[in-house]
Amino acid sequence: MDRKKFLTYLGTGSVALAAASTGLDGIADKVNAQQGNFHKPNKKIPKMGPLKFKPIEPTSKDDLVLPRGYSYNVVAAYGDKINTKGDTFGFNNDFTLFFPIEAEDERGLLWVNHEYVDDKFVFGKEIEDGYSKAQIEKALYNQGGSIIEVVKGNDGWKMDTASQYARRVTGLTPIALTGPAKGATAVGGASKVQGTFANCSGGKTLWGTLLTCEENYEDTSEATKLDETHYGWVVEVDPFDEKFQVRKHTALGRFNHENASMGLSNDGRVVVYMGDDKKDACVYKFISEGKYDPKAGKKNAKLLEKGTLYVADFSKGAWVPVTIEEVKKAAADDKAALDKFQTQADIVVNCHDAALLVGGTPTDRPEDVEISPFDGTIFIAHTNNDNHGNMHGHITRFFEKNEDHGSLEFQFSIFTAGGIQSGFSAPDNLTFDEDGNLWTVTDISSSKLNSTIWEPFGNNGMFAIPTHGQDEGVAYQFASAPVEAELTGPSFTPDEKTLFLSIQHPGEETEDLSKPTSKWPHRAGDSMPRPGVVAITGF
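All values reported here derive from a predicted model rather than from experimental measurement.

Asks: Teacher, can you tell me more about the overall build of the protein chain here?
Replies: Each helix and strand in the protein chain was counted, giving 10 helices and 30 strands. Its C-alpha radius of gyration of 22 Å places the protein chain within 12% of the 24 Å reference for a compact globule of 539 residues. For the C-alpha atoms alone, the extent of the protein chain along its principal axes is close to 65 × 60 × 50 Å. Expressed as a percentage of its 539 residues, the buried residues of the protein chain come to 60%. In the protein chain, the share of contacts with a sequence separation of at least 24, taken over all contacts with a separation of at least 6, comes to 61%. Accessible surface for the protein chain amounts to roughly 21,500 Å². Of this, 48% is attributable to carbon and sulfur atoms. Separation between the mean location of the 55 positive side-chain charges and that of the 77 negative ones in the protein chain comes to 5 Å.

Asks: Mind showing me how you'd approach the side chain of S446 here?
Replies: Inspection of the secondary structure assignment puts S446 in the loop between strand 25 (437-442) and strand 26 (461-466). For S446, the residues in contact, after removing those within four places along its chain, are E484, H505, E508 and E509.

Asks: When you look at the nonpolar core in this model, what are you seeing that I'm missing?
Replies: What tends to happen in soluble globular proteins is that the nonpolar side chains get buried as a cluster. In terms of nonpolar packing, the biggest core is built from 31 residues, with V272, M274, Y284 and L304 touching the most fellow members. Per element, the largest residue contribution to this core is 4 residues, and it comes from helix 10 (residues 351-358). The contact partners of Y284, leaving out residues within four places of it in the chain, are F255, V272, Y273, M274, D276, L309, Y310, V311, W319, C351, H352 and A355. Core analysis: the next-biggest nonpolar cluster, separate from the first, contains 24 residues, V169, A184, A186 and A345 among them.

Asks: Can you walk me through the sheet that holds strand 9 (residues 199-204) in this structure?
Replies: Note on sheets: strands pair through backbone hydrogen bonds, and any given pair is parallel or antiparallel. Sheet architecture is open: 6 strands sit in the order 8-7-12-11-10-9, paired in mixed fashion. With one partner strand each, in any of the chains shown, strand 8 (192-194) and strand 9 form the two edges of the open sheet. Each strand axis lies, on average, 35 degrees off the axis of its neighbour in the sheet, ignoring direction. Relative to strand 8, strand 7 (residues 174-178) runs antiparallel, the two sharing 3 bridges. Across the sheet, P174 pairs through a bridge with Q194, a residue of strand 8.

Asks: Would you mind showing me how to read the side chain of T361 here?
Replies: Within the secondary structure, T361 sits in the loop between helix 10 and strand 19 (363-364). Residues within four places of T361 in sequence aside, it is in contact with A281, C282, A312, D313, F314 and S315.

Asks: I tried to follow the packing of helix 7 (residues 324-331) against helix 10 on my own but got confused; where do I start?
Replies: Contact geometry of helix 7 with helix 10 gives a least axis separation of 9 Å together with a crossing angle of 60 degrees. As the angle between them shows, helix 7 and helix 10 are arranged oblique. The two elements helix 7 and helix 10 meet at a crossing, and its hand is left-handed. Note on element contacts: helix 10 touches helix 7 through A354, L357 and V358, opposite E326, V327, A330 and A331. Grouping the constituent residues of the contact of helix 7 with helix 10 by class yields 6 nonpolar, no polar and 1 charged.

Asks: What am I meant to see in the pairing of strand 7 here?
Replies: The two faces of the sheet receive side chains in turn, since in a regular strand these alternate between them. In terms of burial, strand 7 is a largely internal element, 4 of the 5 residues being buried. Alignment of strand 7 against strand 12 (residues 247-249), held across 3 bridges, turns out to be parallel. Looking across to strand 12, one finds that L177 is bridged to K248.

Asks: Would you mind showing me how to read the pattern of salt bridges here?
Replies: Between side chains of opposite charge, a pair can form when the charged atoms approach closely. Enumeration according to the criterion identifies 25 salt bridges in this entry. Within this structure, D277, R365, E367 and D443 form a network of salt bridges that share partners.

Asks: Explanation requested: the pairing of strand 21 (residues 378-382) in the structure shown.
Replies: Across the 5 residues that make up strand 21, a large majority, 5, are buried. Burial along strand 21 is two-sided: the residues I378, I380 and H382 and F379 and A381 are all buried. The pairing of strand 20 (residues 366-371) with strand 21 spans 4 bridges and is classified as antiparallel. Its bridge partner lying in strand 21, P366 is registered against H382. Counted between consecutive antiparallel strands, the loop separating strand 20 from strand 21 contains 6 residues, among which G376 sits at a positive phi close to 75 degrees. Bridging between strand 21 and strand 22 (residues 394-400) involves 5 bridges; their strand directions are antiparallel. Considered in strand 22, the bridge of F379 is made with R397.

Asks: Sorry if this is basic, but what is going on with the packing of aromatic side chains here?
Replies: How two aromatic rings sit relative to each other is set out by the distance from centre to centre and by the angle between their planes. Inspection of the entire model under this criterion finds 31 aromatic pairs. With a centroid separation of 6.1 Å and 80 degrees between ring planes, the pair formed by F314 and F410 is classed as edge-to-face. Of this pair, F314 sits in the loop between strand 17 (307-313) and strand 18 (318-321) while F410 sits in strand 23 (residues 410-417), and the two are 96 residues apart along the sequence. For F314, a relative accessible area of 14% corresponds to the buried category. On the accessibility criterion, F410 (2% relative accessible area) is buried. An aromatic cluster is present here, built from F53, Y70, W439, F478, F492 and F539 joined pairwise through their rings. The aromatic ring of F244 is capped on one face by R247, whose charged end is 4.1 Å from the ring centroid.

Asks: Help me understand unusual backbone geometry, please; the structure alone is not making it clear to me.
Replies: Working note: non-glycine residues mostly have negative phi, and peptide bonds are mostly trans. In this chain, W520 is followed by P521 through a cis amide linkage whose omega measures 10 degrees. Within the secondary structure, P521 sits in the loop between strand 29 (498-504) and strand 30 (532-537). Positive phi, close to 60 degrees, is recorded for K225, a residue that is not glycine. Tracing the backbone shows K225 in the loop between helix 6 (218-223) and strand 11 (234-237). With a relative accessible area of 66%, K225 lands in the exposed category. Its identity as a non-glycine residue notwithstanding, D280 has a phi of 60 degrees, on the positive side. Residue placement: D280 occurs in strand 15 (residues 279-281).

Asks: Even after reading the chapter, I still don't get the environment of K152, so can you show me in this structure?
Replies: Note that K152 resides in strand 4 (residues 144-153). C-alpha separation for the pair K152 and T498, spaced 346 residues apart in sequence, amounts to 9.6 Å. Leave out the neighbours within four places in its chain, and K152 touches E106, W157, T498 and T537.

Asks: Explain the sheet that holds strand 28 (residues 486-492) to me, please; I cannot follow it from the model alone.
Replies: The strand order 1-30-29-28 describes an open sheet built from 4 strands, whose pairing is antiparallel. Each edge of the open sheet carries a strand with a single partner, namely strand 1 (71-77) and strand 28. With strand direction ignored, the average angle separating the axes of adjacent strands in the sheet is 25 degrees. Bridge analysis of strand 28 against strand 29 gives 5 bridges, and the strand direction is antiparallel. The partner of F492 across the bridge, within strand 29, is L499.

What counts, and at which threshold
- Residues numbered from 1 in each chain as written.
- Predicted model: local features only at pLDDT ≥ 70, side-chain atom pairs only at ≥ 80, totals over all residues.
- Heavy atoms only, no water.
- Helix = DSSP H or I, 4+ residues; strand = E, 2+ residues; numbered from the N terminus.
- Rg over C-alpha atoms; globule rule 2.2 N^0.38 Å.
- Buried < 20%, exposed > 50% of the residue type's maximum accessible area, 1.4 Å probe, protein only.
- Contact = heavy atoms within 4.5 Å.
- Areas by Shrake-Rupley, 256 points an atom, 1.4 Å probe, with all protein chains shown as cover.
- Lys, Arg positive; Asp, Glu negative; His and termini not counted.
- Charge placed at Lys NZ, Arg CZ, Asp CG, Glu CD.
- Core = buried A, V, L, I, M, F, W, Y, C linked by side-chain atoms within 4.5 Å.
- Pairing = 2+ DSSP bridges.
- Axes fitted to C-alpha atoms, helices over the stretch in contact; angles between N-to-C directions.
- Parallel < 35°, antiparallel > 145°, perpendicular 65-115°, else oblique.
- Left-handed = near helix turned anticlockwise from the far one by under 90°.
- Nonpolar A, V, L, I, M, F, W, Y, C, P; charged D, E, K, R; others polar.
- Salt bridge = Lys/Arg side-chain N within 4 Å of Asp/Glu carboxyl O.
- Phe/Tyr/Trp six-rings, centres within 6.5 Å; stacked < 30°, edge-to-face > 60°.
- Lys NZ or Arg CZ within 6 Å of the ring centre and 35° of its normal.

Written as structure tokens, this is what we have:
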């Protein structure tokens, strides 16, 4: 079978794939037609046209390599000043989100996550005996997020450092807790906490604020001597209003959050889909108790304080409540579990364990979870899991019953799988374009790039994958990252003429600072690589 046919059949389910692998295409078609799912195509399906770029080949070049006709410029990199106060752009940028100013597509605010620091580049050496007070402050300052104002001129996109909006939200920023864990014993009685860090991906709310997600918070919590229970949450920020209290919504659970994708149920309640980025972890969604009111603006943020958290049980196609009632029922006579889970605050603080207890399905590192803007189906990037031999990962597609995000029943398929047949490995962040293509960036571990079974893929990359039509599920490479870098946080401007993209941890495997493995972005006189965010044009 050629790659295109393989991926097409892979998207129809394991039974159809088995039939297709024998060459019995007719049987595969019948199996596909008979498979039960809740999805019915609707009029939002886009007109699928040819790709607007000629796919590139894998490469190990120390640059961001793009198709002919496309170019990039670095908008901001680690250490750059972002405003007149002297705030600087943080380290290891990830999720990006563009907010137009006055409906313009060529000026706006760009939120950028900062996930973690690398001691050798931030401090000039590996810190082996614990951080000093000054080093703790520096490590925390360089995580969180940056709000920068960007504008497109004749020579590309630039920062406007005179911006009235540009500022930092960091590991030092005072942040409020909302929801069941606020003031609870499970978080040491805290109603406010210090800072946000380990910020991986995120999402946009229906009322125009952003959600930034705390992922691998454990190491920073330990190194900075901060209470671990205060991290691992979904954090809400208003980029335009510094007076808007930055808040962590504990009702959405505490785990290794990758992102948060928001939609509406058919009856108007807010629904947030989330993944827990670790091996054998679960997929979640939160459904608010109240209904969304478009006229209420940012007051709708209250909807994220009260509702029900659910975990996906793949074996039953069911969303199972992660509530104190369900946990007690599942615990039965298990005294240790009953002692651990006494309140809903205990549930959300220890979400992973509670989710498994009620029947959540452990999966292969569910990272980005996104709602298709065309048909409402849910795409989940399962990056990989070598515990079970899934070395290259896959992308799963959920079909909610009655096309309702508030439904508690779903079907699912494997939309596409990583491997040499598809040309990509370890799918991570996801986004969509107006032509119905799903874009994914990859996260092959730096230590494995260009070696053994990952050798054919070259450096990490970015791929466009049609979600409808004859090329559904086929991946086409659009970009290749610099040496040892990971491409993260892709987001388009509303007119889709610019794609913002983060270049994270170039040269990560460097051992000798005098001989870095990468020098991207290759600034004159700079002796070290710098994580940065770029604007890609040519669309």
